Amino acid sequence: INPELNIIETDDEIPNLGYTLSNQKLLDTGFEFQHNIKESLTEMIENWSITKKTEDLEYIIRGDKEYIDDRGKISNYELIEPINLIGYIESKPGTVRANHYHPIQEQQCLLIKGKYISVIKDLKDPNAVIETRLIKEGDIAVIRPNVAHTMVFLEDSIFLNLVRGEREHENYGITHTIPYKLVDEKFRQELVDGYKTECRSCGNIHLENVISLGKSPMANNLLTTKDEPYETFPLQMNYCPECHNAQLSYVVPAEKMFDNYLYVSSTSKSFRNHFENAAINYIDRFNLNDDSFVVDIGSNDGIALKPLQDRGVSVMGVEPAKNVAKIAMDNGIPTINSYFDENTFEGDNIADLITASNVFAHADDLKGITKNVFKLLKEDGTFIVEVQYILDTIKDLTFDNIYHEHVNYWSVTSINNFFDGLGLSVVDVEHVNTHGGSIRVYVKRSGNSVNENVTSFLNDEEAFGLTNHQIYKDFATKVETSKINVINNINKLKESGNILVGYASPAKATTALNYYGINNNDLEFVVEDNELKHGKIIPGTNIPILSKSELNGKKNIKVIILAWNFAKEIKENNKDLIDSGIEFINIKDLQNKNY
């Protein structure tokens, strides 16, 4: 015993007499514990690992700490898990590998040459959708266990399969790898033919994934019977970090979507008013008269041209859907039943004004359309484009505006970059209320003065975050949360003894219902004001579309408004039903957790 040590014995209850202090004694002095062991270890792991794991089913690791000199480039990859086996695998264009899943191991593939489409599905989630993404040279694609995956190769490719554990061929289908046919021959061919590997606006090949809504039916191609076969295609949005255009990764052939079209614009009073006001604006702004000539691309039933024609302006519509073009012509509106290309019109520089409402959302060949527009326009002519506004889509969570017809999702930033790249000028921009928020963009040949509205939009978009991939990732997270909320709220309404029906079957309804997994077990039917849709079936749901008369005299009914952008108009048109006790609910309200 140290003679200089003075030991004092007390009656205090402490774990080791004379040598330790209890936590309570420390806390009683005002001492605070700022850290615990779990937090400290977690912090150490995160700080020591450059590559962080995410919750994504598949995530991409790209090489960093690159060293480049005249000999070439060195890229470095940090792997989270150790590996004990490397497989060297070559693949030819158009071929398929995988179509399986791993119950325990992660799949790690380093693509050292070529390009392939990765197709995945979470087998642990019964409501999971099929996702796709493009894997490029230098990417390591890491796929979690119990995620079915398939590789569809677009070029001669070589990849290294980095394995932790056992992958013996004789145990395929037994232990490490279980077959799961995610991509059949038809799906393979569709991906090879229709997958977009670069930005359709600027050509950048390094696109970032935003959200996958699964394999979805074409939105406006309604079925005649429940047994009628229908096609589904990948519905996934990507973001270009170069020009900031958001766009679909897969393009459905135009003739499948537009040759026979059931969407008729004039059904909506608000749309009729919108184009009536636009016509008055254009006549005043551009001094249009009976000597002027206006062309509308994708003119539908002539809704945008009729108010101009009524005021003496010469007009011509261009509409690819034969049935809808006939409606316009029967109503006395000159219409060319065709896609808009270099052969549509004879003569150059003949139009004073060319308009395109949502065409720039629909079109894949943007540069070709623009070239033909400015060939047709007079030197001082104006091209007016109306498109849904991606800022409103993100802010208001209107993800159901994403469907196969809309291959582009524009901001002022991205559309300004597009036209600037073609030597043209966006001279003015207006915000309009159609489709839950749109922009009207005025484009002229370069050299024209630019309105300060353009600069204001550009500044606001940068402040909002539209030039940052993170804002799009946050949007995807919110959409996934909304899915959970809608399903829960639908179930609560059903459990309360309500009969649920839908109101309106716009294209956005097909997207939302298929993504949410809502079918005729949830909504008994959908009522529709457009008579062309009566008797049809919403694909992927088996929900029939009926006349509004089906609601008369019904009890215990709640009506879910699927055309949320017309909710106010729908409620005003159905005051008699509301007065009879039928409740109308906007589907957007069901996205909230505490509806």
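Residues numbered from 1 in each chain as written. Predicted model: local features only at pLDDT ≥ 70, side-chain atom pairs only at ≥ 80, totals over all residues. Heavy atoms only, no water.

Some remarks on helix α5 (residues 269–286)
Over its 18 residues, α5 extends 26 Å from the first C-alpha to the last, a length consistent with the 26 Å expected when each residue adds 1.5 Å. What α5 keeps buried is the set Phe 271, His 274, Phe 275, Ala 278, Ala 279, Tyr 282 and Ile 283. Buried positions in α5, seen along its axis, are confined to an arc of 160° and lie on one side of it. Among the exposed residues of α5, those pointing more than 90 degrees away from its buried face are Asn 277 and Asp 284. On its buried face, α5 is in contact with α6 (306–310), β19 (351–357), β20 (377–388), β22 (424–432) and β23 (438–445). Asn 287 occupies a position one or two residues after α5 and carries a positive phi of about 55°. (Helix = DSSP H or I, 4+ residues; strand = E, 2+ residues; numbered from the N terminus. Expected span 1.5 Å × (residues − 1). Buried < 20%, exposed > 50% of the residue type's maximum accessible area, 1.4 Å probe, protein only. Arc of directions from axis to C-beta. Contact = heavy atoms within 4.5 Å.)

Considering helix α12 (residues 452–464)
The first and last C-alpha atoms of α12 sit 19 Å apart over 13 residues, in line with the 18 Å expected at 1.5 Å per residue. Taken as a whole, α12 has its buried residues at Val 454, Phe 457 and Glu 461. Viewed along the axis of α12, the buried residues span an arc of 65°, placing them on a single side of the element. In this structure, α12 carries Glu 452, Glu 462 and Ala 463 as exposed residues pointing more than 90 degrees from its buried face. Structurally, α12 contributes buried residues whose contacts are with α10 (390–396), α11 (412–421), β22 and β23. Regarding α12, its N-cap is Asn 451, as a side-chain oxygen of that residue lies 2.8 Å from the backbone nitrogen of Asn 453 further along. Gly 465 sits one or two positions beyond α12 and adopts a positive phi of about 115°. (Polar contact = N/O pair within 3.5 Å; in protein donor to acceptor, adjacent residues only side chain to side chain.)

Description of the nonpolar core
Membership of the largest hydrophobic core comes to 80 residues, with the highest contact counts inside it found for Ile 354, Phe 360, Val 373, Phe 383, Phe 399, Ile 402 and Phe 419. Among the elements that line this core, the one with the most residues is helix α13 (residues 469–495), at eight residues. Excluding residues within four positions of it along the chain, Phe 360 makes contact with Leu 366, Ile 369, Thr 370, Phe 383, Val 385, Val 387, Asn 408, Trp 410, Ile 415, Phe 418 and Phe 419. Tyr 282, Leu 305, Val 313 and Val 427 belong to the second largest nonpolar core, which has 16 residues in total. (Core = buried A, V, L, I, M, F, W, Y, C linked by side-chain atoms within 4.5 Å.)

Regarding the packing of α11 against α12
Axis separation between α11 and α12 bottoms out at 9 Å; the angle between their running directions is 125°. It follows that α11 is oblique to α12 by the angle criterion. Taking contact as the criterion, the partners of Val 412, Thr 413 and Asn 416 in α11 are, on α12, Val 454, Phe 457, Leu 458 and Glu 461. When its residues are assigned to classes, the contact of α11 with α12 shows four nonpolar, two polar and one charged. (Axes fitted to C-alpha atoms, helices over the stretch in contact; angles between N-to-C directions. Parallel < 35°, antiparallel > 145°, perpendicular 65-115°, else oblique. Nonpolar A, V, L, I, M, F, W, Y, C, P; charged D, E, K, R; others polar.)

A look at the sheet that holds β19
Strand order in the open sheet formed by seven strands is β18-β17-β16-β19-β20-β23-β22, with mixed pairing between adjacent strands. Each edge of the sheet is formed by a strand with only one pairing partner; in this case those strands are β18 (335–336) and β22. Relative to the sheet, α12 contacts β22 and β23, its axis offset from that of β22 by approximately 70°. (Pairing = 2+ DSSP bridges.)

Some remarks on the pattern of salt bridges
What the rule picks out here adds up to 27 salt bridges. For the salt bridge of Lys 186 with Glu 190, the shortest nitrogen-to-oxygen distance reads 2.4 Å. Here the residue Lys 186 and the residue Glu 190 both occupy positions in helix α3 (residues 185–194), the gap between them amounting to four residues, near one helical turn. Residue Glu 190 is classed as buried on the basis of its relative accessible area of 11%. A salt bridge links Lys 558 to Glu 583, with the nearest nitrogen and oxygen atoms 2.5 Å apart. In this pair, Lys 558 sits in strand β28 (residues 557–561) while Glu 583 sits in strand β29 (residues 583–586), placing the two residues 25 residues apart along the sequence. Salt bridges sharing partners connect three or more residues here, namely Arg 285, Glu 386, Asp 428, Glu 430 and Arg 440. (Salt bridge = Lys/Arg side-chain N within 4 Å of Asp/Glu carboxyl O.)

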